[in-house]
Amino acid sequence: MGCNVSIHLEFTPIDKVEEFVYEELLDMGFKTDQINDIYSIFASMDVDHTHMINQEEFLFKFGLEPTPFIRRVFKVMDMDNSGELNFIEFIISMWNFLCNDEKSLGEFIYLLVPKTPSEIREKRTATSKIGEMIKAIHMKTDGGDADDALDLQIKKIETKHPTNIMSEEFRQHIYENQSILIPVLKAQSKIREHLLGSDFWIKLTKKRWKYSKFQDSEYPMKLRKQLEKKMTEVCLILSLSLI
């Protein structure tokens, strides 16, 4: 399916924050024309011309069902909790989801599990939450029933990790039990095909895992904190210029 760009626009950073993100994108392995192509696709998704995309626009573009898993993915992508995605959130989050393979997707799924501040610090979470996320991955719609065959997978985790599980332990379990990933891989494949094509993301995935900086699935949230710092610096400069 490939690129699927119906309109061609150029993404031009308009401030220090966007300039910083642009340089990060280049470091990730994006080329200028690829960033522009993704920006053009993003603009085509923005049917109400708000320079943002909502969950419905996102689902429609990629032909995705509003499953509990997909809704959770969108919520995590929405880094400022506005209910919509701007282009920066969109391209960084797409990179974070699409630049994973069977070995690393477990860590991305782990990222989706709601956690307390102490769980985030210690990189662990309650085993019961993991069970709920696995069921959510396989639910067809909100409130639907998960596949009964998953009970065995969940029980295996609960037996080995009765109370808490570390991120690396969960990642390893997912890698050893690939059936859990089937709906995730299907969603990933759909989005890849509509957004520059699978080959592009497979190559970019290989680049990602060559650099330790980008291997952390929580990198987008860490980047957001850097952006907030940049925004504070910009606001300070502007306020000083008005004195």
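Bear in mind that the values here come from a model prediction, so they are computed numbers and not experimental data. (Residues numbered from 1 in each chain as written. Predicted model: local features only at pLDDT ≥ 70, side-chain atom pairs only at ≥ 80, totals over all residues. Heavy atoms only, no water.)

A. Focus on the nonpolar core. Formed by 65 residues in total, the largest nonpolar core has its most connected members in Phe30, Phe58, Phe90 and Trp201. Residue contributions to this core peak at 9 residues, all from helix α5 (residues 87-98). (Core = buried A, V, L, I, M, F, W, Y, C linked by side-chain atoms within 4.5 Å. Buried < 20%, exposed > 50% of the residue type's maximum accessible area, 1.4 Å probe, protein only. Helix = DSSP H or I, 4+ residues; strand = E, 2+ residues; numbered from the N terminus.)

B. Representation of the side chain of serine 104 within the structure. Among the structural elements, serine 104 can be located in the loop between α5 and α6 (105-112). Apart from the residues within four sequence positions on either side, serine 104 is in contact with Arg171 and Trp209. (Contact = heavy atoms within 4.5 Å.)

C. Spatial organisation of helix α2 (residues 32-45). If you check α2, its first and last C-alpha atoms are 20 Å apart, about what 14 residues at 1.5 Å a residue would give, namely 20 Å. Buried residues of α2: Gln34, Ile35, Asn36, Asp37, Ile38, Ser40, Ile41, Phe42 and Met45, and no others. (Expected span 1.5 Å × (residues − 1).)

D. A look at the packing of aromatic side chains. Counted under the stated rule, the structure contains 14 aromatic pairs. For the ring pair phenylalanine 42 and phenylalanine 90, a centre distance of 5.4 Å and an interplane angle of 45 degrees mean the geometry is tilted. You can see phenylalanine 42 sitting in helix α2 and its partner phenylalanine 90 sitting in helix α5, a full 48 residues away along the chain. One aromatic cluster in this structure is built from Phe11, Tyr22, Tyr39, Phe42, Phe87 and Phe90. When the ring centre of tryptophan 95 is taken as reference, the NZ or CZ atom of arginine 208 above it lies at 4.1 Å. (Phe/Tyr/Trp six-rings, centres within 6.5 Å; stacked < 30°, edge-to-face > 60°. Lys NZ or Arg CZ within 6 Å of the ring centre and 35° of its normal.)

E. Main features of a positive patch on the surface. A contiguous patch of positive charge on the surface is contributed by Lys31, Lys203, Lys206, Lys207 and Lys210. Within the secondary structure layout, lysine 210 lies in the loop between α12 (198-208) and α13 (219-241). Of the residues examined, lysine 210 reaches a relative accessible area of 65% and is grouped as exposed. (Patch = residues over 30% accessible without salt bridge, like charges linked within 9 Å, V, L, I, M, F, W, Y side chains within 5 Å. Areas by Shrake-Rupley, 256 points an atom, 1.4 Å probe, with all protein chains shown as cover. Salt bridge = Lys/Arg side-chain N within 4 Å of Asp/Glu carboxyl O. Lys, Arg positive; Asp, Glu negative; His and termini not counted. Charge placed at Lys NZ, Arg CZ, Asp CG, Glu CD.)

F. Broad picture of a negative patch on the surface. On the surface, Asp15, Glu19, Glu23 and Asp27 cluster together to form a negatively charged patch. Within the secondary structure, glutamate 19 is located in helix α1 (residues 16-28). Residue classification places glutamate 19 among the partly exposed positions, given a relative accessible area of 39%.

G. Inspection of the packing of helix α3 (residues 55-62) against helix α4 (residues 68-77) at higher detail. Where α3 contacts α4, the two axes come as close as 11 Å, and the packing angle between them is 120 degrees. Judged by the inter-axis angle, α3 sits oblique to α4. Handedness of the α3/α4 crossing: right-handed. For the pair formed by α3 and α4, the contact residues are Gln55, Phe58 and Leu59 on the first element and Ile70, Arg71, Phe74 and Met77 on the second. When its residues are assigned to classes, the contact of α3 with α4 shows 5 nonpolar, 1 polar and 1 charged. (Axes fitted to C-alpha atoms, helices over the stretch in contact; angles between N-to-C directions. Parallel < 35°, antiparallel > 145°, perpendicular 65-115°, else oblique. Left-handed = near helix turned anticlockwise from the far one by under 90°. Nonpolar A, V, L, I, M, F, W, Y, C, P; charged D, E, K, R; others polar.)

H. Layout of the confidence of the model for the protein chain. Taken residue by residue, the protein chain gives an average pLDDT of 85. The fraction at 70 or more is 88%. Predicted confidence for residues 236-243 stays below pLDDT 50, and this span has 0 contacts to residues more than four positions away or in other chains. (pLDDT = per-residue confidence, 0-100.)

I. Local environment of the environment of glutamine 153. Take glutamine 153: it is sitting in helix α9 (residues 150-160). In this structure glutamine 153 comes out as buried when scored by relative accessible area, which is 13%. Distance in space between the C-alpha atoms of glutamine 153 and histidine 173 is 9.3 Å, their sequence separation being 20 residues. If sequence neighbours within four positions are ignored, glutamine 153 has contacts with His173, Asn177, Ser179 and Ile180. Engagement of the side chain of glutamine 153 in a polar contact is seen with the side chain of asparagine 177, the distance being 3.4 Å. (Polar contact = N/O pair within 3.5 Å; in protein donor to acceptor, adjacent residues only side chain to side chain.)

J. Layout of unusual backbone geometry. Although it is not a glycine, lysine 123 adopts a positive phi angle of roughly 55 degrees. Inspection of the secondary structure puts lysine 123 in the loop between α7 (117-122) and β3 (124-126). Taking relative accessible area as the criterion, lysine 123 reaches 44% and is therefore assigned partly exposed. Phi at leucine 196 is positive, roughly 80 degrees, even though this residue is not glycine. In this structure, leucine 196 sits in the loop between α11 (182-194) and α12.

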